[in-house]
Amino acid sequence: MSDILIVDDERDIRELISDILEDEGFATRLASNSDETMAEINTEAPALIILDIWLKDSRMDGIDILKTVKRDNPDVPVVIISGHGNIEIAVAAIKQGAYDFIEKPFNIDQLLVVIRRAMETSRLRRENQNLKRRDVATSEMIGSSAPYRALLGQLDKVTKSNGRVMLTGPAGSGKEVAARYIHAHSARASAPFVTVNCAGVAPDRMEEVLFGRETPDRGVEPGLLEQAHGGVIYFDEVADMPLGTQSKILRVLVDQQFTRVGGTDKVRVDLRVISSTNRDLDQAIKADTFRQELYHRLNVVPIAVPSLEERREDIPLLAEHFIAEFNASQGLPQRALTEDAVALMQTMVWPGNVRQLKNLVERVLILGDGTGPIEARELPGEEENGSDEGRVVLSGALATLPLREAREAFEREYLLTQINRFGGNISRTANFVGMERSALHRKLKSLGVVTSAKAGVRVAHVDEEVEAAG
């Protein structure tokens, strides 16, 4: 959107205006009738349109073109020119959304002033709309673990393209943050990022929310697809999209256009689509709850977002980031983390993933006493595991075993936890547990603990043969 489209049925007039504007440093395009005009706009929306009211041998006159432009490209300012000017025509043009009306023969200086003011007004309006649309949600990626680096490498690759991306991973793992990272580092970064919460919209309202609607009383109400024009539309938990809507979204992906609910005119959009799911879409396809063709359209570039369990090394960095974030946004104390607190957090179970960690940090900062370092006793795992300081409360299963078997079971689970906490790094594990590396290897072998690659990192688990024998 960097040039001016000049529409006039008189060749001499449009070429004269074009020459003047090009001398002033503007790029221009020319059209003599409505068909040429709409073709130019559909190819790429101009920065401004200079439009003659009366167009010979044209399907639509200037007012009809103006109505269509302001409906489908409301950000493009239109300056009307006419050699048959009168007050009624000028008023009609302004009512339909024209920026200004100039009579022929026009003063060149006046025309240039109007053009510059119109383009500046349009620029300020777009900036204001973008600021209003901009969500406070972060696009900052935090981590240093191998799975995190692998994820970041994939995201960086897709930012340079316009391909559709499907993000998969458990709830709370940060799929929307990954989607926002793609948007923030792409050529569309200054354009809107619009989220469609597929699970949060009632099925009978989904089409109005997406496509917008047209009614005699309220006129045109743009939907989320229109609001995302030029930017990114993000389908969060796309598996929850109603089946009937899926077929219509499929058509939008193919045609890049749609019809509003209650309307008849086609609305053209330029969108990049990113979607996410925490469900197995292959199973949803087999169950006839998700369209296979839509899956293939959305799943052009599949990217798996690892769970927090797969990137335990990142927990301290994430926790420190959330502490700083809550300090800046809510004024909560900027507290450090003790080593014991970090160790406990890295061994906790996180079914809610990064979202659960963030909630836990907020809870500790709100309920904590003082501004000193966060200690392990403030974390829920410590409180729930027993009240006597220094005691370890046995689980029911462990308490029923003979001492030798109980010791082996404890050592196995303890070492599994520590190895996974350190991302499969045996040297760091040995250093923490206080064993020589060779001694640790022997101990792991005797307990049937092995490591294997998963999501770009070494993960410890019990050897299948040992598990079967047990």
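Residues numbered from 1 in each chain as written. Predicted model: local features only at pLDDT ≥ 70, side-chain atom pairs only at ≥ 80, totals over all residues. Heavy atoms only, no water.

Side note on the overall build of the protein
- Helix and strand content of the protein: 21 helices and 16 strands.
- Whereas a compact globule of 470 residues would reach a radius of gyration of roughly 23 Å, the protein reaches 31 Å, over 25% beyond that.
- The dimensions of the protein, computed from C-alpha atoms along their principal axes, are 100 × 50 × 40 Å.
- Accessible surface, the protein as shown: approximately 24600 Å² in total, 49% of it carbon and sulfur. (Helix = DSSP H or I, 4+ residues; strand = E, 2+ residues; numbered from the N terminus. Rg over C-alpha atoms; globule rule 2.2 N^0.38 Å. Areas by Shrake-Rupley, 256 points an atom, 1.4 Å probe, with all protein chains shown as cover.)

Description of the nonpolar core
- Leu 225, Ile 233, Phe 235, Ile 249 and Phe 290 are the most contacted members of the largest nonpolar core, which has 33 residues in total.
- Where this core is concerned, the elements lending two or more residues are strand S7 (193-197), helix H8 (206-211), helix H9 (224-227), strand S10 (232-236), helix H10 (243-255), helix H11 (281-286) and helix H12 (292-298).
- Apart from residues lying up to four places away in sequence, Phe 290 is in contact with Val 238, Ala 239, Leu 243, Gln 246, Leu 281, Ala 284, Ile 285, Tyr 295 and Leu 298.
- Ile 142, Leu 318, Ala 341 and Leu 344 belong to the second-largest nonpolar core, a separate cluster that totals 25 residues. (Core = buried A, V, L, I, M, F, W, Y, C linked by side-chain atoms within 4.5 Å. Buried < 20%, exposed > 50% of the residue type's maximum accessible area, 1.4 Å probe, protein only. Contact = heavy atoms within 4.5 Å.)

Section: unusual backbone geometry
- The omega torsion across Lys 104 and Pro 105 is -10 degrees, close enough to zero to call that bond cis.
- As for its position among the elements, Pro 105 is in the loop between strand S5 (100-103) and helix H5 (108-133).
- Of note, Glu 237 is a non-glycine position whose phi angle comes to about 55 degrees, a positive value.
- Along the polypeptide, Glu 237 turns up in the loop between S10 and H10.

Focus on the packing of aromatic side chains
- Scanning the model with the defined rule gives four aromatic pairs in all.
- Between Phe 211 and Phe 258, the ring centres sit 5.5 Å apart and the planes meet at 45 degrees, which makes this aromatic pair tilted. In this pair, Phe 211 is assigned in helix H8 and Phe 258 in strand S11 (residues 257-259), connecting sequence segments 47 residues apart. Here the two residues Phe 211 and Phe 258 agree in accessibility, since each one is buried. (Phe/Tyr/Trp six-rings, centres within 6.5 Å; stacked < 30°, edge-to-face > 60°.)

Concerning the pattern of salt bridges
- Under the counting rule described, the total for this entry stands at 25 salt bridges.
- With a shortest N-O distance of 2.7 Å, Asp 35 and Arg 59 are connected by a salt bridge. Remark: Arg 59 occurs in the loop between strand S3 (48-52) and helix H3 (62-72) and Asp 35 occurs in helix H2 (residues 34-43); sequence separation between them is 24 residues.
- Judged by its relative accessible area of 43%, Asp 35 is partly exposed.
- When salt bridges with common partners are traced through the structure, they connect Asp 8, Glu 10, Asp 52 and Lys 104 into a single cluster. (Salt bridge = Lys/Arg side-chain N within 4 Å of Asp/Glu carboxyl O.)

Here's the deal with the packing of helix H13 (residues 315-330) against helix H15 (residues 353-367)
- Contact pair H13 / H15: the axes reach a minimum separation of 9 Å and the direction vectors enclose 55 degrees. In this view, H13 runs oblique relative to H15, as classed from their interaxial angle. Crossing geometry of H13 relative to H15 is assigned as right-handed. Between H13 and H15, the residues in contact are Ile 315, Leu 318, Ala 319, Phe 322, Ile 323, Glu 325, Phe 326 and Gln 330 and Val 354, Leu 357, Lys 358, Val 361, Glu 362 and Leu 365, respectively.
- Split by residue class, the contact of H13 with H15 holds 10 nonpolar, one polar and three charged. (Axes fitted to C-alpha atoms, helices over the stretch in contact; angles between N-to-C directions. Parallel < 35°, antiparallel > 145°, perpendicular 65-115°, else oblique. Left-handed = near helix turned anticlockwise from the far one by under 90°. Nonpolar A, V, L, I, M, F, W, Y, C, P; charged D, E, K, R; others polar.)

Thoughts on the pairing of S3
- Judged by how many residues are buried, S3 sits mostly within the fold: five of five residues are covered.
- Alternating positions in S3 separate into two faces, Leu 48, Ile 50 and Asp 52 on one and Ile 49 and Leu 51 on the other, with burial throughout.
- Two elements, S3 and strand S4 (residues 78-82), share four bridges in a ladder whose sense is parallel. Each bridged residue has a counterpart across the sheet, and for Ile 50 the counterpart in S4 is Val 79.
- Regarding topology, H3 serves as the crossover connection from S3 to the parallel S4, and that connection is right-handed. (Pairing = 2+ DSSP bridges. Right-handed = clockwise from strand over helix to strand, strands pointing away.)

Thoughts on helix H18 (residues 403-421)
- With 19 residues, H18 should reach 27 Å at 1.5 Å per residue; the first-to-last C-alpha distance of 26 Å fits that figure.
- Regarding H18, the residues found buried are Ala 406, Ala 409, Arg 412, Leu 415, Leu 416, Gln 418, Ile 419, Asn 420 and Arg 421.
- Residue Gly 423 follows H18 closely and has a positive phi angle near 65 degrees. (Expected span 1.5 Å × (residues − 1).)

As for the sheet that holds strand S13 (residues 272-277)
- Taken together, the five strands give an open sheet; going across it, the order is S7-S10-S13-S6-S14, and neighbouring strands pair in parallel fashion. What marks the edges here is a single partner per strand, and that holds for S7 and strand S14 (301-304). Recorded for the sheet is a direction-independent mean angle of 20 degrees between the axes of neighbouring strands.
- Pairing of S10 with S13, which is carried by four bridges, proceeds in the parallel orientation. Directly across from Phe 235, in S13, lies its bridge partner Ser 275.

Here we look at the environment of Leu 415
- Position of Leu 415 relative to the elements: it lies in helix H18.
- Taking relative accessible area as the criterion, Leu 415 reaches 4% and is therefore assigned buried.
- For Leu 415, the contacting residues outside a window of four places in its chain are Val 433, Leu 440, Lys 443, Leu 444 and Leu 447.

Focus on the sheet that holds S3
- Across the sheet, which stays open at both edges, the five strands sit in the order S2-S1-S3-S4-S5 with parallel pairing between neighbours. If you trace the sheet from one side to the other, it starts and ends with strand S2 (27-31) and S5, each paired once. Within this sheet the neighbouring strands show an average axis-to-axis angle of 20 degrees, counted without direction.
- Its contacts with the sheet put H3 on S3 and S4, and the angle it makes with S3 is roughly 160 degrees.
- In the packing of helix H4 (residues 87-95) onto the sheet, the strands contacted are S4 and S5, and the crossing angle to S5 comes to about 150 degrees.

Some points on the packing of H18 against helix H19 (residues 426-433)
- Two elements in contact, H18 and H19, have axes whose closest approach is 8 Å; the angle formed by their N-to-C orientations is 125 degrees. For the element pair H18 / H19, the angle class is oblique. Remark: the crossing between H18 and H19 carries right-handed chirality. Here Tyr 414, Leu 415, Gln 418, Ile 419 and Arg 421 of H18 come into contact with H19, specifically with Ile 426, Thr 429, Phe 432 and Val 433.
- Considering only residue class, the contact of H18 with H19 consists of six nonpolar, two polar and one charged.

Note that all results are geometric; they support no functional claim without further evidence.
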